[in-house]
Amino acid sequence: MNRLTITPIIRGAYMEALGGPVILLSSDEERSELPELKIDLKGADNGNADNKDADSSEVYTAAVRTVEAEAARQIGEALAALKADDGSLPATLCVPGIGSFFAGTGWAEADSVRQGGTRRLSPFPPAGRADVAKGRIALVTGGAQGFGAEIARGLVGEGAFVIVADINTDGAEAFTAELNAGAVKRASAVAVDVSNEESVKAMADAVVAEVGGLDLLVSNAGVLRAGSVLELAAKDFEFVTKINYSAFFLVVKHTSPIMIRQRTAAPSRTSDIVQINSKSGLEGSNRNGAYAGGKFGGIGLVQSFAMELVEYGIKVNAVCPGNFFDGPLWADPDRGLFVQYLNTGKIPGAKNVADVKRFYENKVPMGRGCEGPDVLKAILYCVDQAYETGQAVPVTGGQVMLK
Ligand SMILES: NC(=O)c1ccc[n+]([C@@H]2O[C@H](COP(=O)([O-])OP(=O)(O)OC[C@H]3O[C@@H](n4cnc5c(N)ncnc54)[C@H](O)[C@@H]3O)[C@@H](O)[C@H]2O)c1
């Protein structure tokens, strides 16, 4: 095993012992002055778990999971031996042969022990409903703008630590700088192209290296190339399918092992995957088949992954928003859908962008478009609801009603 595979297990062991989420920073340096977490990794390692060659790194096999479960057992026992009578644990650890680990209830606390501070972590008080995202680590793909940015900002507001992953690296960096403008670091940026497996794997590794684990994946990155089946170029169909459909598989494939590793050491804790789908994943969309088809497919993946990953305490749900009229996709003054539909005369009688917007708002029983806080509430519901998985939650102001 290596530091990237062992870190989520140690994080899980902390969370199980303390009853709440921690941030776990790590380093290759073995600091001998720190409390030692003694584990016999030789006995727990069959060689595969090292992920030495590219092929094995792409396959998270049952044999590797067995090895990791044994490591989790040892880590849980070793951590329990460091527990004081008041239930507290040392925030710093050294694992011989692996490196050093620094835990905190937030990023700043973990960083302060990394800088040389010493402290112990006390058990968490029981969490209430308002704490549903508090202290959790969330990853939001496509988080640099639009719904993704709204979701990331909302989760930070709820007390989560958020990793904003986007192909637009500058946008993600600038946005996380804005989120971190207060005194406490609440977010990090990671570069990713969700349609490229190597890039997705690197993103998953970066999340572990950055904060030690993952509690909530919001798979949000998506694109739109509308067009008639008679006219849309095949390459545009494939582009939309690759990002809106296939990439969800890649992102789940490479992030769920992090959640599984945590779970091996924290059987009482659950994690969540939420796919940002669309109302177009619940009913067809005229001249927009590539988008609707990929979104319908996304619901099939959500249901299937939910069945499989329930064994590891991972819930998988979709949130299906209606149109976000104030977001860049619709409202961008140069390339937004309102201006495009105005210019192509798609809406008969529309003289300006406001007319086009009104036309679409009138299709919604509640008379307005979907907004970031509406989507955030649905995500928090999915996380809070312990007894549901594989569902598609509409957030459409009544525009789409489930049968
Ligand atoms: N805007 C809407 O009206 C609406 C309605 C329902 C559902 N949705 C869904 O919400 C999600 C976000 O949509 P939005 O309107 O906010 O989009 P947006 O275009 O405003 O933002 C999408 C973000 O994803 C990033 N991205 C694109 N391709 C990527 C890739 N290959 N790898 C990583 N990042 C990539 C972009 O850089 C951007 O930051 C999508 O899944 C979309 O289908 C949007």
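The rules behind the values
Residues numbered from 1 in each chain as written. Predicted model: local features only at pLDDT ≥ 70, side-chain atom pairs only at ≥ 80, totals over all residues. Heavy atoms only, no water. Pairing = 2+ DSSP bridges. Helix = DSSP H or I, 4+ residues; strand = E, 2+ residues; numbered from the N terminus. Axes fitted to C-alpha atoms, helices over the stretch in contact; angles between N-to-C directions. Contact = heavy atoms within 4.5 Å. Buried < 20%, exposed > 50% of the residue type's maximum accessible area, 1.4 Å probe, protein only. Phe/Tyr/Trp six-rings, centres within 6.5 Å; stacked < 30°, edge-to-face > 60°. Lys NZ or Arg CZ within 6 Å of the ring centre and 35° of its normal. Right-handed = clockwise from strand over helix to strand, strands pointing away. pLDDT = per-residue confidence, 0-100. Domains from an automatic or database assignment. Buried area = accessible area lost by both parts, 1.4 Å probe. Salt bridge = Lys/Arg side-chain N within 4 Å of Asp/Glu carboxyl O. Nonpolar A, V, L, I, M, F, W, Y, C, P; charged D, E, K, R; others polar. Near = heavy atom within 4 Å. Polar contact = N/O pair within 3.5 Å; in protein donor to acceptor, adjacent residues only side chain to side chain. Areas by Shrake-Rupley, 256 points an atom, 1.4 Å probe, with all protein chains shown as cover. Core = buried A, V, L, I, M, F, W, Y, C linked by side-chain atoms within 4.5 Å.

A.B. asks: Could you clarify how one ought to interpret the sheet that holds strand E12 (residues 392-395) in this entry?
C.D. replies: Remark on secondary structure: sheet strands pair via backbone hydrogen bonds, oriented parallel or antiparallel. The strand order E8-E7-E6-E9-E10-E11-E12 describes an open sheet built from seven strands, whose pairing is parallel. Among the strands making up the open sheet, the edge pair consists of strand E8 (187-191) and E12. Neighbouring strand axes in the sheet, compared pairwise and without regard to direction, differ in orientation by 20° on average. In the packing of helix H9 (residues 234-265) onto the sheet, contacts are made with strand E6 (137-141), strand E9 (216-219), strand E10 (271-276) and strand E11 (314-321), and the angle to E10 comes to roughly 170°.

A.B. asks: How do you make sense of unusual backbone geometry when you look at a structure like this?
C.D. replies: For residues besides glycine, phi is generally negative; the peptide bonds are generally trans as well. In this model, Arg-287 sits at a positive phi of 55°, which is unusual for a non-glycine residue. Looking at where Arg-287 falls in the secondary structure, it is placed in the loop between E10 and helix H10 (289-309). Judged by its relative accessible area of 57%, Arg-287 is exposed.

A.B. asks: Sorry, what's going on with the packing of aromatic side chains here?
C.D. replies: Any two aromatic rings considered together are summarised by their centre-to-centre distance and by the angle between their planes. Across all of its chains, the model carries ten aromatic pairs by this definition. Look at Phe-248 and Phe-305: their rings are 5.7 Å apart centre to centre, the planes differ by 40°, and that puts the pair in the tilted class. With Phe-248 in helix H9 and Phe-305 in helix H10, the pair connects residues that are 57 residues apart, well separated along the chain. Taken together, the ring pairs connect Phe-325, Trp-330, Phe-338, Tyr-341, Phe-359 and Tyr-360 into an aromatic cluster. Just above the ring of Trp-107 sits the side chain of Lys-185; from NZ or CZ to the centre is 4.4 Å. In this structure, Lys-346 packs its charged tip against the face of Tyr-341, placed 4.1 Å from the ring centre.

A.B. asks: How should the pairing of strand E7 (residues 161-166) be read in this particular structure?
C.D. replies: Within a regular strand, the side chains alternate between the two sheet faces. Within E7, six of the six residues are buried, which leaves the element mostly enclosed by the surrounding structure. Burial along E7 is two-sided: Phe-161, Ile-163 and Ala-165 facing one way and Val-162, Val-164 and Asp-166 facing the other are all buried. Relative to E7, E6 runs parallel, the two sharing five bridges. When the bridges of E7 are listed, Ala-138 appears paired with Val-162. Tracing the backbone out of E6, into helix H6 (residues 146-157) and back to the parallel element E7 gives a crossover that is right-handed. The sheet contact formed by E7 and E8 spans five bridges and is parallel. Bridge pairing in E8 links Val-162 to Ala-187. Between the parallel pair E7 and E8, the chain is carried across by helix H7 (residues 169-179), and the sense of this crossover is right-handed.

A.B. asks: Honestly, the confidence of the model for the protein in this entry has me stumped. Any pointers?
C.D. replies: Atom-level detail of predicted coordinates should not be read off regions where pLDDT is low. Averaged over every residue, the pLDDT of the protein is 94; residues scoring 70 or more account for 96%. Note on residues 46-56: pLDDT is under 50 here. Beyond four places in sequence and across chains, it has 14 contacts.

A.B. asks: Would you explain the domain arrangement of the protein in this entry?
C.D. replies: Annotation of the protein at the domain level lists domain 1 (1-125) and domain 2 (127-323 + 364-403). The interface of domain 1 with domain 2 comprises 27 residues on the first partner and 33 residues on the second. Overall, the association of domain 1 and domain 2 removes approximately 2,400 Å² of surface from exposure, summing both partners, and the carbon and sulfur fraction of that is 60%. Looking only at domain 1, the three residues that lose the most surface to domain 2 are Leu-4, Glu-16 and Trp-107, adding up to 22% of its buried area. Where domain 1 touches domain 2, the interface holds two salt bridges. Across the pair Glu-68 and Arg-261 runs a salt bridge, and its minimum N-O distance is 2.9 Å. Those elements giving two or more residues to the side of domain 1 that touches domain 2 turn out to be helix H1 (3-18), strand E1 (23-27), helix H4 (62-81) and helix H5 (107-114). Here the side of domain 1 that touches domain 2 takes ten residues from H1, the largest share from any one element. For the side of domain 1 that touches domain 2, a count of residues per class yields 16 nonpolar, six polar and five charged.

A.B. asks: What am I meant to see in the site of the ligand here?
C.D. replies: The local shell around the ligand holds 27 residues, among which Gln-145, Phe-147, Asp-166, Tyr-291 and Phe-324 are the closest. One of the backbone nitrogen or oxygen atoms of Asn-220 is found 2.8 Å away from an oxygen atom of the ligand. For the ligand, the accessible surface in isolation is 830 Å², of which the surrounding protein chains cover 91%. The set of elements that each furnish at least two residues to the shell around the ligand consists of H6, H10 and helix H11 (328-331). Looking at which element gives the most residues to the shell around the ligand, the answer is H11, with three residues. Of the residues assigned to the shell around the ligand, the class counts are 14 nonpolar, ten polar and three charged.

A.B. asks: Honestly, the nonpolar core in this entry has me stumped. Any pointers?
C.D. replies: Inside soluble globular proteins, nonpolar side chains tend to come together where they are buried. Within the largest apolar cluster, 74 residues are counted, with the highest numbers of intra-cluster contacts made by Ile-10, Tyr-14, Ile-273 and Val-316. Among the elements that make up this core, the one with the highest residue count is H9 (ten residues). Counting contributing residues, this core receives three or more from each of domain 1 (1-125) and domain 2 (127-323 + 364-403). Once residues within four sequence positions are removed from consideration, Ile-273 is found in contact with Leu-217, Phe-248, Val-252, Met-259, Leu-309, Ile-314, Lys-315, Val-316 and Asn-317. Grouped together as the second largest cluster of nonpolar side chains are 34 residues, Ala-138, Phe-147, Phe-175 and Val-375 included.

A.B. asks: Help me understand the sheet that holds strand E4 (residues 99-104) in this model?
C.D. replies: Sheet architecture is open: three strands sit in the order E1-E4-E3, paired in antiparallel fashion. Looking at strand neighbours, the two that pair on one side only are E1 and strand E3 (92-95), the edges of this open sheet. This sheet shows a mean twist of 25° between the axes of neighbouring strands, independent of strand direction. In the sheet, E1 pairs with E4 via five bridges, with the strands oriented antiparallel. Bridging from a neighbouring strand, Ser-27 pairs with Ser-100 of E4. Contacts from H5 reach E1, E3 and E4, with the element oriented near 140° to E4.

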